[in-house]
Structures are given as C-alpha cells and as structure tokens.
Amino acid sequence: MLRFILNLLWLIFGSGIVLAIGYGLAALICFALIVTIPFGVASLRLAYYSLWPFGRTLVTKPSAGLASGIANVLWVIVAGWWLALMHITAGIALCITIIGIPFGIANFKLVPAAFWPLGREVVELD
C-alpha cells in the first residue's frame, strides 16, 4: 500500500508524468530515425520505469552482449551524461525537504538507468 501511495504522489508531484512524457517523446524521435530504434526501446523502458518507480528496480539482462555495451557508450556520449546529471540535480533538490526525500531517492535510482540503459530490464521487487 505504501508503494502505491508513493507512486501516486510521484506521478502527480514528483515529476513522474513529466519524465515519462519526455522519455516517450525521445523514443518517438528515435523510432522516426530508424537507425536509433534500440535507443527508442531504451527510452520507452525509461519512460515506463520513471512513471511508476517505487517497487521496481533495474537489473542487467543476462543476454546483453557486446552490441549493447557499444551502444551504451554511444548513448553516454549523446544523451546519457546530461540525463544522469538532470536526475542527480533533481534528486539533490528534492532531498532538501523532508517530504521530498523519497522522490529524491527515486531520482537517484533513475541515474544508472539514464546513464546506461541498454541491456537492462525493469523487474518488480516482490
């Protein structure tokens, strides 16, 4: 029940909708460019994870290979570093207030996902 309440508050006040829309738009752009479809899939995964982060975590896929590692290096150069910096900045700003601490922690959970998204999957904690 606590996870549901935190996710609902995150969705409304913790920028869950804004992050999901942003990652969704990035996915649409990646799908339109055809060559960047794997990045679009990763962006959709991030949108899904950022929409409802409490009670979920990101784990490395056992089937992830060299291609996802090379694509992640390209992702870091193009978009990953500034997305991770955005989540770190938002996490610090949210942790200033007591009420914002869970949302700041959720932003810190999104940092590795935003920095290195390919070859990972979202799983439930239960």
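Residues numbered from 1 in each chain as written. Predicted model: local features only at pLDDT ≥ 70, side-chain atom pairs only at ≥ 80, totals over all residues. Heavy atoms only, no water.

## Digging into helix α5 (residues 101-115)
For clarity, the threshold we go by: Only DSSP runs of H or I with at least four residues qualify as helices, and only runs of E with at least two residues qualify as strands; both kinds are numbered from the N terminus onward. Each helix should span, by expectation, one fewer than its residue count multiplied by 1.5 Å. Any pair of residues with heavy atoms lying within 4.5 Å of one another is described as a contacting pair.
Compared with the 21 Å implied by 1.5 Å per residue over 15 residues, the 22 Å span of α5 between its first and last C-alpha is a close match. Contacts from the buried residues of α5 go to α1 (2-12), α2 (16-32), α3 (37-51), β1 (56-60), α4 (66-95) and β2 (120-124).

## A short note on the confidence of the model for the protein
Defined as follows: Confidence per residue, as judged by the predictor, is encoded in pLDDT with a range of 0 to 100.
Predicted confidence across the protein gives a mean pLDDT of 89, with 100% of residues reaching 70 or more. Within the protein, β1 has the poorest average pLDDT of any element, 87, and α3 the best, 91.

## Considering the pattern of salt bridges
Quick reminder of the rule: Salt bridges are counted wherever a side-chain nitrogen of Lys or Arg sits within 4 Å of a carboxyl oxygen of Asp or Glu.
Applying the stated rule across the entire model yields one salt bridge. The salt bridge partner of glutamate 124 is arginine 56, with a shortest N-O separation of 3.3 Å. Taken together, the positions of glutamate 124 in strand β2 and arginine 56 in strand β1 put the pair 68 residues apart, joining distant regions of the chain.

## Regarding the nonpolar core
Worth spelling out the cut-off: By convention a nonpolar core is built from buried Ala, Val, Leu, Ile, Met, Phe, Trp, Tyr and Cys residues, the set being connected through side-chain atoms within 4.5 Å. Throughout, exposure labels follow a simple rule: accessible area from a 1.4 Å probe, protein chains only, divided by the maximum for the residue type, with under 20% read as buried, over 50% as exposed, and the rest as partly exposed.
In this structure, Trp10, Tyr23, Phe39, Tyr49, Phe54 and Leu83 are the most contacted members of the largest nonpolar core, which totals 23 residues. Listed by contribution, the elements that provide at least two residues to this core are α1, α2, α3, α4 and α5. Look past the residues within four positions of tyrosine 49 in its chain and what remains in contact with it is Arg56, Thr57, Leu58, Lys109, Leu110, Ala113 and Val122.

## Examining the side chain of serine 68
Within the element layout of this structure, serine 68 appears in helix α4. Those residues in contact with serine 68, other than ones at most four positions away along the chain, are Leu118 and Gly119.

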